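Observations on the three-dimensional arrangement
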Amino acid sequence: MARNRSIMVSTVDRRIALMRHHRCIAARRDGSLRNCAAHAGNCTVLKPASPTPWSILRFAELIQDVLPAGVINIVNGPGAEIGRALATNKRIAKISFTGETATGRLIMQYAAQNIIPSTTELGGKSPNIFFADVMAHDDSFLDKAVEGLVLYAFNKGEVCTCPSRALIHESIYDEFMERCLQRIGEIRQGHPLDPSTMLGAQVSTSQMEKIQSYCQIGMEEGAELLIGGHRSELGGELNGGNYFQPTVFKGHNKMRIFQEEIFGPVLAVTTFADDAEALEIANDTLYGLGAGVWTRDATRAYRMGRAIKAGRVWTNCYHQYPAHAAFGGYKASGVGRENHQMMLEHYSQTKCLLVSYDPEPLGFF
Amino acid sequence: MADRIVATDAALEAIERLTAKHGRLMLFQSGGCCDGSSPLCLPDGELLIGPNDTLLGELGGMPVYIDAEQDERWNRPRFVLDVAPGPASGFSLEGLDGIHFLTRS
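Worth saying up front: this structure is predicted, and the values here are computed from it rather than measured.

In this section: the sheet that holds strand 4 (residues 53–59) of chain B. All names here are of chain B. The mixed open sheet is built from four strands, whose spatial order is 3-2-5-4. Either end of the sheet is taken by a strand with one partner, and the two such strands are strand 3 (39–43) and strand 4. Between one strand and the next, the sheet's axes are offset by a mean angle of 25°, whatever the strand orientation. In this structure, strand 4 lies alongside strand 5 (residues 62–67), joined through six bridges in antiparallel fashion. Counted as the bridge partner of Gly 57 is Val 64 from strand 5. The sheet contacts of helix 1 (residues 9–22) involve strand 2 (25–29), strand 3, strand 4 and strand 5, and relative to strand 2 the element is tilted by about 130°.

What follows covers helix 1 of chain B. Residue and element names in this part refer to chain B. Spanning 14 residues, helix 1 covers 20 Å between terminal C-alpha atoms, matching the ideal 20 Å at 1.5 Å per step. The set of residues buried in helix 1 consists of Ala 11, Ala 14, Ile 15 and Leu 18. For helix 1, the angular spread of the buried residues around the axis is 105°, confining them to a single face. Every exposed residue of helix 1 that faces more than 90 degrees away from the buried side is listed here: Asp 9 and Ala 20. Immediately downstream of helix 1, the backbone of Gly 23 shows phi near 90°, a positive value.

Now for the confidence of the model for chain A. Confidence along chain A averages 89 in pLDDT terms, with 90% of residues attaining 70 or more. Within the model, the stretch residues 10–32 of chain A combines pLDDT values under 50 with 39 contacts to residues more than four positions away or in other chains.

Residue and element names in this part refer to chain A. Position of Gly 311 among the secondary structure elements: in the loop between helix 10 (298–307) and strand 12 (312–315). Counting along the chain gives 37 residues from Gly 311 to Ser 348, while the straight-line C-alpha distance between them is 21 Å. Among residues more than four places away in sequence, those in contact with Gly 311 are Gly 288, Leu 289, Phe 327, Gly 328, Gly 329, Tyr 330, Ser 333 and Arg 337.

Residue and element names in this part refer to chain A. Here Asn 316, not a glycine, exhibits a phi torsion of approximately 55°, which is positive. Topologically, Asn 316 is positioned in the loop between strand 12 and strand 13 (327–328). You will see that Lys 331, though not glycine, has its phi angle at about 50°, which is positive.

It is worth spelling out the interface of chain B and chain A at this point. Taken together, the contacts link 27 residues of chain B with 34 residues of chain A. Ranked by residues supplied to the side of chain B that touches chain A, first place goes to helix 2 (residues 68–74) of chain B with four residues. Taken together, the residues that form the side of chain B that touches chain A break down as 12 nonpolar, 12 polar and three charged.

Turning to the sheet that holds strand 7 (residues 99–104) of chain B, a few remarks are in order. Residue and element names in this part refer to chain B. Across the sheet, which stays open at both edges, the three strands sit in the order 1-6-7 with mixed pairing between neighbours. Every other strand in the sheet has two partners, leaving strand 1 (5–7) and strand 7 as the edge strands with one partner each. Each neighbouring strand pair of the sheet contributes to a mean axis angle of 30°, computed without reference to strand direction. Bridge count for strand 6 (residues 79–85) against strand 7 is six bridges, and the pairing is antiparallel. Bridge pairing links Leu 81 to Thr 103 in strand 7. Packing against the sheet, helix 1 makes contact with strand 1, strand 6 and strand 7, and its axis sits at approximately 75° to strand 6.

Calculation rules
- Residues numbered from 1 in each chain as written.
- Chains lettered and ligands numbered in written order.
- Predicted model: local features only at pLDDT ≥ 70, side-chain atom pairs only at ≥ 80, totals over all residues.
- Pairing = 2+ DSSP bridges.
- Helix = DSSP H or I, 4+ residues; strand = E, 2+ residues; numbered from the N terminus.
- Axes fitted to C-alpha atoms, helices over the stretch in contact; angles between N-to-C directions.
- Contact = placed C-beta atoms within 7 Å.
- Expected span 1.5 Å × (residues − 1).
- Buried ≥ 20, exposed ≤ 12 C-beta atoms within 10 Å, placed from the backbone.
- Arc of directions from axis to C-beta.
- pLDDT = per-residue confidence, 0-100.
- Nonpolar A, V, L, I, M, F, W, Y, C, P; charged D, E, K, R; others polar.

Next comes the structure, spelled out in structure tokens:
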């Protein structure tokens with residue numbers, strides 16, 4: 001029986017959190033730098049995801065005067081050629097992987113063959129739970145909760161912890177969703193380098209096709225399309241770009257759009273009647289990476305946080321990534337943790353130098 | 001048991017081409033992060049198949065597997081393997097040829 005090792009982390013200033021989040025996402029998609037062995041004093045080889053080769057190289061340029069040559073090494077290229085060669089190389093002492101489950105299994109298999117440790121982060125289908133009391137007052141906390149739901153839209157094919165399943169108490173569903181949909185409708189899509197843009201382009205054409213295909217699946221399995229659902233035609237120089245409308249479907253948790261990670265700005269919403277049902281739906285998934293709990297009732301927040309099988313339960317917040325907060329998954333979301341002191345432990349050996357300063361023998365035999 | 005997976009002509013051609021180049025292949029339907037809904041095309045035997053994996057069928061002599069729990073949750077009676085332009089970004093072999101496999105229902 002697994003022990004629940006709970007770690008409390010208070011949240012940080014939200015502007016810093018957002019900056020950190022952007023940096024983390026850039027680093028993750030481009031090689032899990034936040035899980036970087038260099039933090040623990042090791043030389044590191046990074047293989048960024050092939051659709052996003054550039055930003056980690058830019059980051060390396062920025063830090064090249066800080067680190068000695070050879071400490072961080074970046075190899076770009078196709079996974080089939082480079083990933084396997086790196087993962088099986090006898091000179092690698094520890095391997096970390098962020099990606100999908102089949103490759104995660106391969107990585108763990110290669111690590112077993114070379115008898116080295118591995119950690120994996122393999123995605124999620126994170127529930128974001130809104131209890132009835134979030135609407136007890138019309139105040140800034142309610143506004144924060146609405147924002148917390150809309151954070152699902154912050155996904156261009158790179159956010160593993162996307163809160164892609166929203167569970168809303170049935171008594172507040174209509175009014176709460178009305179506020180959320182209004183906010184979603186105000187999301188500005190545009191050029192990724194324009195600072196006023198809220199949602200840029202999806203990472204690749206194949207990612208766009210995948211999102212479109214899941215929207216089609218959602219319609220076919222009878223989910224109700226509340227907003228979006230189509231490619232965005234932004235015109236001008238962005239014409240034909242990989243832009244997709246922020247999308248919300250209402251349905252039930254057995255639907256494929258609730259079970260499969262879409263990895264785009266697509267939210268699947270359902271309702272629950274009581275805490276027990278909320279918990280049952282939250283845990284009814286292959287994954288257990290992130291979760292969100294929104295309530296004004298502190299004891300409920302603790303109860304839910306303890307019972308949800310996810311490595312991080314954001315409580316009255318979402319998507320904050322302070323460096324000292326452990327991050328990683330239960331179940332198919334992978335093995336091990338990133339950030340926090342636990343990350344350093346993954347990249348360190350424990351050595352016991354057991355020294356006697358007694359010159360006399362034990363006196364045995 | 002009848003195969004639960006079929007392939008489009010284009011996918012069968014790609015399998016034939018890849019088999020000629022890399023030898024006997026296997027396909028594993030992935031899940032989760034990044035390219036999570038994509039199948040992973042590997043040299044046969046590269047990924048160790050366990051007792052909790054399900055054989056969906058064979059395509060051009062290539063076995064196709066999925067994790068049994070994922071199969072149960074996805075609840076797709078049949079799969080269709082297709083191929084599209086744009087490289088697979090993971091370890092999947094077809095990515096080297098600038099294409100990627102995908103599964104539809």
